[in-house]
Amino acid sequence: MKIVFASNNLNKVREISNQLPDDIEILSLADINCTEDIPETGNTIESNAILKANYVTEKYGLPCFADDTGLEIEALNGEPGVYSARYAGKDKNDDKNIELVLKKLAEQTNRKARFKTVIALNIDNEQHLFTGIVEGNITHEKIGTNGFGYDPVFTPSGFDHTFAQMDIEQKNIISHRGKAVKQLIYFLTNTK
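Definitions and limits used
Starting afresh in each chain, residues are numbered from 1 along the sequence in its written order. The predicted origin of the model limits local features to residues at a pLDDT of at least 70 and limits the giving and counting of side-chain atom pairs to 80 or more, whereas totals for whole chains, interfaces and linings rest on all residues. Working from all heavy atoms in the structure, the side-chain values ignore hydrogens and water. Relative accessibility decides the category of a residue: with a 1.4 Å probe and only protein chains considered, values under 20% of the type maximum give buried, values over 50% give exposed, and everything between is partly exposed. The numbering of helices and of strands both runs from the N terminus, where a helix is a DSSP run of H or I of at least 4 residues and a strand a run of E of at least 2. Note that the arc is computed from the directions linking the helix axis to the C-beta atoms. We call two residues in contact whenever any of their non-hydrogen atoms come within 4.5 Å of each other. Between any two strands, pairing holds if DSSP finds at least two bridges.

A few points about helix H1 (residues 10-17)
It helps to recall that an α-helix has 3.6 residues per turn; residues three or four apart then point in one direction.
Then, number 1: Residues of H1 that are buried: Lys 12, Val 13, Glu 15 and Ile 16. Considered in projection along H1, the buried side chains sweep an arc of 165 degrees and stay on one side of the axis.
Then, number 2: Contacts from the buried residues of H1 go to strand S1 (2-5), strand S2 (25-27), strand S3 (64-73), helix H4 (168-174) and helix H5 (176-191).

Concerning the pairing of strand S5 (residues 112-123)
Then, number 1: For S5, the tally of buried residues reaches 10 of 12 residues, placing the bulk of the element in the interior.
Then, number 2: The pairing of S3 with S5 spans 10 bridges and is antiparallel. In the strand pairing of S5, Gly 70 is matched with Lys 116.
Then, number 3: The pairing of S5 with strand S6 (residues 126-138) spans 12 bridges and is antiparallel. Paired with Ile 123 across the strands is Glu 126, a residue of S6.
Then, number 4: Hairpin remark: S5 followed by S6, antiparallel, with 2 residues in the connecting loop; positive phi at Asp 124, about 55 degrees.

Shown next as structure tokens:
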């Protein structure tokens, strides 16, 4: 089975590809010659995932899945949430985003946060949503060099190290995206 993953983020593509069985082949946006910037104008994580999947399915007529992820910090009333990738500006700079989060939390004792990923799958003229959530805390400084995004400042509950200190296999077992991808894989391998 070939299916398009509507993402230009090579880290995400690699992370998800590592979890898929051999009989499911991911096509990237580049593989289908989709070079345009897919709009992410939704005001929720769910709506952005749906917008991206619908864009590819409607324009290219291909089965597609898309994801959107947000970091929701309790002391910041759920920020950065749907704006996680662009929290410190439109340039999607991970370091600046992390700096802004740490600055806003500088005087906070409540460091509770959660990552939420929603995957929208368009296949056989139907749409399915899969959600993965992982609870945790924001550290006081960046720790670790693996991963991407907010991984260096997020410690999942039950662990004493950040996502950026984990290898990709360990992270995939417990992460928000890993949980959503497991649901996607189960659906694709058990209903098709």
